[in-house]
Amino acid sequence: MSGKTHQYAFFLGCIAPNRYPGIEAAAIKTSKNLGIELLPLKGASCCPAPGAFGSIDLSVWMSMAARNLVLAEQMNMDIALICNGCYKSIWEVNHKLKHHDELRDRVNEVLKEIDMEFKGTIDVRHLAEIIYDENICGVAKLADSVTTPLTGVKIAIHYGCHLLKPRKEREFDAEGVGETENPMWMEELIAALGAEPVQYRQKMQCCGAGGGVRGYDIAHALDITNEKLINMSEVGADAITEVCPFCQLQFDRGQIEIGEKFGVKWAIPVLHFNELLGLAQGMSPQDLALDLHGISCEPFLNKLQ
Amino acid sequence: MVDETQSQKPRIGVYICHCGTNIAGSIDIKELQEYTLTIPDVVVADEYQYVCSTPGQNMIEEAIKEHNLTALVVAACSPRLHEPTFRRASKEGGMNQFRFEMANIREQNSWVHMHDREGATEKAKDAVRMAVAKARLLEDLHPKSVPVEHAAMVVGAGIAGIQAALDLASSGIKTYLIEKAPTIGGRMSQLDKTFPTLDCSQCILTPKMVDVDRHENIELMTYTEVESVEGYIGNFDVTLRKKANGVLTMEQAEARGFVGGGCNGCGDCEPVCPVIKPNPFEMDMAPRKAIYIYHPQVVPLLYTIDFDSCVKCGLCEEICGDKKAIDLEMQDEFIKVKVGTAVLAVGYELFPIEKKTEWGYKRYDNVITSLEFERLICASGPTGGKVIRPSDGETPKKIGFVLCAGSRDNTGIGKPYCSRFCCMYSLKHAHQIYEKIPDAQSYLFYMDIRSFGKMYEEFYYRIQDEGAKFIRGRVAKIEEDPGTKNLYVITEDTLLGQPVNIEVDLVVLASAVQPTEETDHVRNLFGVSCSGDGWLNEAHPKLNPCGTTTAGVFLAGVCQGPKDIPDAVAQAEGAAAAASIPIHVGEVELEPYFAICNEEKCAGCGMCIDLCPYAALDLVEKEGRTVMEVTEAKCKGCGTCGGFCPGGAIWMQHFSTPQIIAQIDAFLLGGEQ
């Protein structure tokens, strides 16, 4: 493998820097060990949230996302991001505007007011997908970067909806990440960190938060989350991992809210894939700001052998 | 080519049909008639309510005689409907029948321009003017007759092929029945029972299989594939590959001097064979050896060695002993046969339903296909007729049947068409569950129940009364409980408007059907076209459902499109009857639409040879020059070669370049020719 560094414009999103800053820190620090350099995308706004904006005003949603894309076009770099919600907005708007002249003209009409123009010169990828890509990093190189393997723990993986679906619109099949009904590539990533990925019922079910459900009907959202937690606990998961800070928020804060609303007590630690990678590469829980999580990560950290 | 009658000044008669109001409703017939009379060389132009009627035809016949016509134009419907009618009338009137031209002013005009009378009338004038332009240049042509070989071939020995072969043979025709598998019977022999009568499938099929084996006019060739096909209707030269099966029949043994030897089906060889492979007849749910028969009722009763897995240890040879039936060095054999007509009955296979990943076939142990269910519930199947959950061998108590699995699917993954027999066999499956596991509950997840056949709807009511539950909704996904291996079927009950999530022990997917891999290969050998989804094309969907556009080649069974057993058998009988006609007549008349090579102009470049879709052209040496030669009986007159020939050396009879140019000129130049 060549020592070439792959550079990306790093789109942070909102939830990671504001609620779980450890994800941001881990993403930047761990990527360096994998030949990936994440450069700040200066001036970026909210992606904007696909459920909240996309379902109310498509024009605003596309224009704001396009502005973020243009910033990366100006850097002449592909975007890397760490959140499925951001992926839905930025990837999908990029894809739509590249393929539909009419939409692109409409958005460029808006962008003209701030002297910007969407040209369609870059691609958008999720950092997890970049890490899995053999041409950039790959599972073997990921495993090589591990200094303190996460042995002795069972991890339930939640892929999240917006990354893989709708199947027709995503290009995952073409890129070799595999099918969308029972993907297994994140299992490979987790196994590379030394942990044991576990299979559970309804693996591909939503976390409950997305699509504006959390904002619209929190009880309904938590009901879905509760079902997922039941299915994960049935197979003895020591922690939950995902690649989406919004899913993380739902599982993490959600367990507390489920306790308050339904009286069901849960305490399964929830860690973003990049946080797990940080631990495996020797970052300390303090560096990863794990103390900011709603559910304590202590039992998980203690179980690591 | 250009004949002397051409020098005679054209005298053309034009007849315009009202077709009731079909044409007259949108086209001004009077105006069209008046216009027609102004076209040069038109000596008579008349109109009539129904030109195809007997008085209409008489009118034409008399006009030909009275006006001494050199050509006739009828402006009416599509030539696909009445061209033969008017050709006959032309002949009756004493004119060569190929001096007739039809202008289509119905399908291509009045029906599509119903609300534009003025435009339609102008377009009709164009069509008539163009037809007259071609009619001026029409020539006398004479159909050719070729003798027909008194033999037929049926490819595929499932129920459709078996029925077609029995009918052909029983009408006195020598029939070659070709089957690629070691036994005949096809899909039907894998089924347990048939709907709606619940006959045992094998019980009604095996008598026919035995008839095939014993019929004096049938030459059954199993483990055999079609290698190549040459020739044309009446004279197909077919090369067959008889795959090496390593086992001699009694006749083969006798020919080698082992009188009384050869395979008698005793089966002694099977237990000693050390190689174990999955048995495709049991949908790979049971083992077979490298030397095997599919099941005890095979026809012919002859063991087969699968040389792909045989290790040639010789144990079978040893135990076979004096019968000397085993030949481990056997090679494929090529056999040439000549037949007059052929029936293709190459069947179907299941759509690979694992592509619909949301249902988890091949990922969840307890999700099976309908054909696997047939084998599980069949008394001669791998479990002796006991339905079990593959994960633990337990008897399922709640069984979900997913209908339209991959059928009527517009996602681009499944098939857009209805597979036509899945509704009915799923009802049958629900009944069989009720019979064998009385305390079990069946759930049928369906879009519509299509119970269209005789006694089918009544069967549907019966299954409802037996307690099967019907849930109308497409199954969104199936989830497995990793502990119990039970399945959760998640859908919306669209009658209640509610999401449902039902836990079951076993799911049976009524998978769509699709053409087999070999279908495409076989159809290319015989020059048969297929639709976008791969099913073979009949010559006409309503009026010629057994024929194909290749003369002498006919279709039977599911290879033409999904159909149940009654329909497959009916079509097979139709195909056999159609295929026997040219053979019994003894000769076929070929339309004289073939290409003619002008050898003086032909440079022998050979570019036309590869272009010809019917392999009708060859390069030959003539007087020291290489020139192209047409096999007239093979040529369909498609014009591909004529349009391409760089030297303009190919003359298309009845569609010659001057005739087509004259039509184009007549259109582009309007009346100003």
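Every value quoted in this text rests on a predicted model; they were computed, and no experiment measured them.

Parameters and conventions
- Residues numbered from 1 in each chain as written.
- Chains lettered and ligands numbered in written order.
- Predicted model: local features only at pLDDT ≥ 70, side-chain atom pairs only at ≥ 80, totals over all residues.
- Heavy atoms only, no water.
- Helix = DSSP H or I, 4+ residues; strand = E, 2+ residues; numbered from the N terminus.
- Rg over C-alpha atoms; globule rule 2.2 N^0.38 Å.
- Areas by Shrake-Rupley, 256 points an atom, 1.4 Å probe, with all protein chains shown as cover.
- Lys, Arg positive; Asp, Glu negative; His and termini not counted.
- Charge placed at Lys NZ, Arg CZ, Asp CG, Glu CD.
- Axes fitted to C-alpha atoms, helices over the stretch in contact; angles between N-to-C directions.
- Parallel < 35°, antiparallel > 145°, perpendicular 65-115°, else oblique.
- Left-handed = near helix turned anticlockwise from the far one by under 90°.
- Contact = heavy atoms within 4.5 Å.
- Nonpolar A, V, L, I, M, F, W, Y, C, P; charged D, E, K, R; others polar.
- Patch = residues over 30% accessible without salt bridge, like charges linked within 9 Å, V, L, I, M, F, W, Y side chains within 5 Å.
- Salt bridge = Lys/Arg side-chain N within 4 Å of Asp/Glu carboxyl O.
- Buried < 20%, exposed > 50% of the residue type's maximum accessible area, 1.4 Å probe, protein only.
- 1 Å grid on protein atoms, 1.4 Å probe; cavity = no way out; pocket = protein on both sides within 12 Å on 5 of 7 lines; lining within 4 Å.
- Points joined across faces, edges and corners; volume = space filled by probe spheres on them.
- Buried area = accessible area lost by both parts, 1.4 Å probe.
- Polar contact = N/O pair within 3.5 Å; in protein donor to acceptor, adjacent residues only side chain to side chain.
- Disulfide = S-S within 2.5 Å.
- Phe/Tyr/Trp six-rings, centres within 6.5 Å; stacked < 30°, edge-to-face > 60°.
- Pairing = 2+ DSSP bridges.
- Expected span 1.5 Å × (residues − 1).
- pLDDT = per-residue confidence, 0-100.

A. The overall build of chain A, seen in detail. A tally of regular secondary structure across chain A gives 16 helices and eight strands. Computed over the C-alpha atoms, the radius of gyration of chain A is 19 Å, within 12% of the 19 Å expected from 2.2 N^0.38 for a compact globule of 305 residues. With respect to the three principal axes, the spread of C-alpha positions in chain A is 55 × 50 × 35 Å. Carbon together with sulfur atoms contributes 51% to the accessible area of chain A, which is approximately 12,600 Å² in total. Between the centroid of the 28 positive side chains of chain A and the centroid of its 40 negative side chains there is a distance of 1 Å.

B. Quick peek at the packing of helix H5 (residues 117-136) of chain B against helix H18 (residues 657-668) of chain B. Residue and element names in this part refer to chain B. The N-to-C vectors of H5 and H18 enclose an angle of 150°; their axes lie 8 Å apart at closest approach. With respect to H18, the element H5 is oriented roughly antiparallel. Here H5 runs over H18; the crossing is right-handed. Of the residues in H18, those touching H5 at Asp-126, Arg-129, Met-130, Ala-133 and Lys-134 are Gln-659, Ala-662, Gln-663, Ala-666 and Phe-667. Tallied by class, the residues present in the contact of H5 with H18 amount to five nonpolar, two polar and three charged.

C. Region of the structure containing a nonpolar patch on the surface. All names here are of chain B. On the surface, Phe-655, Ile-660, Ile-661, Ile-664, Phe-667, Leu-668 and Leu-669 cluster together into a nonpolar patch covering about 640 Å² of accessible area. Position of Leu-669 among the secondary structure elements: in the segment after H18. Overall, Leu-669 belongs to the partly exposed group, its relative accessible area being 44%.

D. Representation of empty space enclosed by the protein in the model. All names here are of chain B. Under the definition given, this model contains eight cavities of 30 Å³ or more. Considered as a void within the structure, the largest cavity measures approximately 100 Å³ in volume. In terms of lining residues, the largest cavity is bounded by 15 residues, among which Cys-263, Cys-266, Cys-269, Cys-320 and Lys-323 are the most central. Tallying contributions element by element places helix H10 (residues 315-320) first for the lining of the largest cavity, with three residues. In the lining of the largest cavity, the residues fall into ten nonpolar, three polar and two charged. Approximately 80 Å³ is the volume attributed to the second largest cavity.

E. Inspection of the interface of chain A and chain B at higher detail. Opposite the eleven residues of chain A that make contact, chain B presents 14 residues. Between chain A and chain B the total buried area reaches about 1,000 Å² when both faces are included, carbon and sulfur atoms providing 47% of it. Linking chain A with chain B are one salt bridge, by the criterion used here. Ionic pairing is found between A:Arg201 and B:Asp481, a salt bridge with its closest N-O pair at 3.9 Å. Where chain A packs against chain B, one counts one residue pair in polar contact (both at pLDDT 80 or more).

F. Looking closely at the state of the cysteines. Residue and element names in this part refer to chain B. Using the criterion set out here, one finds one disulfide over all chains in the structure. For Cys-200, the disulfide goes to Cys-203, at an S-S distance of 2.4 Å. Disulfide Cys-200-Cys-203: the torsion about the S-S bond is 80°, which places it as right-handed. For Cys-200, a relative accessible area of 28% corresponds to the partly exposed category. Unpaired in this structure, Cys-263 has its nearest cysteine sulfur neighbour in Cys-269, at a distance of 6.4 Å. Sulfur of Cys-418: no disulfide; nearest cysteine sulfur belongs to Cys-423 and is 6.4 Å away.

G. Examining the packing of aromatic side chains more closely. Residues and elements named next belong to chain B. As enumerated under the stated definition, the model contains 17 aromatic pairs over all chains in all. Seen from their ring centres, Phe-195 and Tyr-456 are 5.4 Å apart, and the 80° between their planes marks the pair as edge-to-face. Of this pair, Phe-195 sits in the loop between strand S8 (193-194) and strand S9 (199-200) while Tyr-456 sits in helix H13 (residues 456-465); the two residues are 261 residues apart in sequence, bridging distant segments of the chain. Assessed through its relative accessible area of 13%, Phe-195 is described here as buried.

H. Spotlight on the sheet that holds strand S4 (residues 124-126) of chain A. Residues and elements named next belong to chain A. Taken in spatial order, the four strands of this open sheet run S2-S1-S3-S4, and their pairing is parallel. Strands at the two margins of the open sheet, each flanked by one partner only, are strand S2 (36-40) and S4. Ignoring strand direction, the axes of neighbouring strands in this sheet form an average angle of 40°. Summarising the sheet, strand S1 (residues 6-11) and strand S3 (residues 79-81) pair through three bridges and their orientation is parallel. When the bridges of S3 are listed, Phe-10 appears paired with Ala-80. Against the sheet, helix H2 (residues 21-32) touches S1 and S2, its axis set at about 140° to S2.

I. Molecular detail of the environment of A:Tyr216. Here A:Tyr216 shows up in helix H12 (residues 213-216). Taking the C-alpha atoms as reference points, A:Tyr216 and A:Lys228, separated by twelve residues in sequence, lie 20 Å from one another.

J. Representation of the sheet that holds strand S25 (residues 487-493) of chain B. Residue and element names in this part refer to chain B. Strand order across the open sheet formed by three strands is S24-S25-S26, with antiparallel pairing between neighbours. Sheet topology places strand S24 (475-480) and strand S26 (498-504) at the edges, where each strand pairs with a single neighbour. The average undirected angle you get between the axes of adjacent strands in this sheet is 20°. Taken together, the five bridges between S24 and S25 define a ladder with antiparallel strand orientation. The residue bridging Val-475 from the neighbouring strand is Thr-491, located in S25.

K. Quick look at the side chain of A:Asn182. Turning to its location among the elements, A:Asn182 is positioned in the loop between helix H10 (172-175) and helix H11 (185-192). Taking relative accessible area as the criterion, A:Asn182 reaches 17% and is therefore assigned buried. Contact partners of A:Asn182, with chain neighbours within four places excluded, come to A:Gln199, A:Lys203 and B:Arg363.

L. How the structure looks around the environment of A:Lys98. Residues and elements named next belong to chain A. With respect to the helices and strands, Lys-98 occurs in helix H5 (residues 84-99). Residue Lys-98 is classed as partly exposed on the basis of its relative accessible area, which comes to 28%. The contacts of Lys-98, once residues within four sequence positions are left out, are Arg-104, Phe-118, Gly-120, Ile-122 and Asp-123. Side-chain polar atoms of Lys-98 contact the side chain of Asp-123, separated by 2.9 Å.

M. Inspection of H5(B) at higher detail. Taking 1.5 Å per residue as the helical rise, H5(B) with its 20 residues ought to reach 28 Å, and the 29 Å between its terminal C-alpha atoms agrees with that figure. Among the residues making up H5(B), those that are buried are B:Ala120, B:Thr121, B:Ala124, B:Lys125, B:Val128, B:Arg129, B:Ala131, B:Val132, B:Ala133, B:Lys134, B:Ala135 and B:Arg136.

N. Spotlight on the side chain of A:Lys203. Following the sequence through the fold, A:Lys203 ends up in the loop between strand S6 (196-198) and H12. A distance of 3.1 Å separates a polar atom in the side chain of A:Lys203 from a polar atom in the side chain of A:Gln199. Setting aside residues up to four positions removed in sequence, A:Lys203 forms contacts with A:Ile157, A:His158, A:Tyr159, A:Asn182, A:Pro183, A:Met184, A:Glu187, A:Lys228 and B:Glu479.

O. Representation of the packing of H2(A) against helix H15 (residues 273-280) of chain A in the model. All names here are of chain A. Look at H2 against H15: their axes get within 8 Å of each other, and the N-to-C directions meet at 55°. In terms of axis orientation, H2 runs oblique to H15. Crossing geometry of H2 relative to H15 is assigned as left-handed. Along its contact with H2, which presents Gly-22, Ile-23, Ala-26, Ala-27 and Thr-30, the element H15 presents Asn-274, Glu-275, Leu-277 and Gly-278. Counted by class, the contact of H2 with H15 contains four nonpolar, four polar and one charged residues.

P. Structural detail: the environment of B:Val112. Within the fold, B:Val112 resides in the loop between helix H4 (106-110) and H5. As a C-alpha pair, B:Val112 and B:Ser26 span 86 residues in sequence and 9.5 Å in three-dimensional space.

Q. Focus on the confidence of the model for chain B. Confidence in the prediction for chain B averages 95 pLDDT; 99% of positions are at 70 or higher. In the model output, the complex is listed with pTM 0.81 alongside ipTM 0.70.

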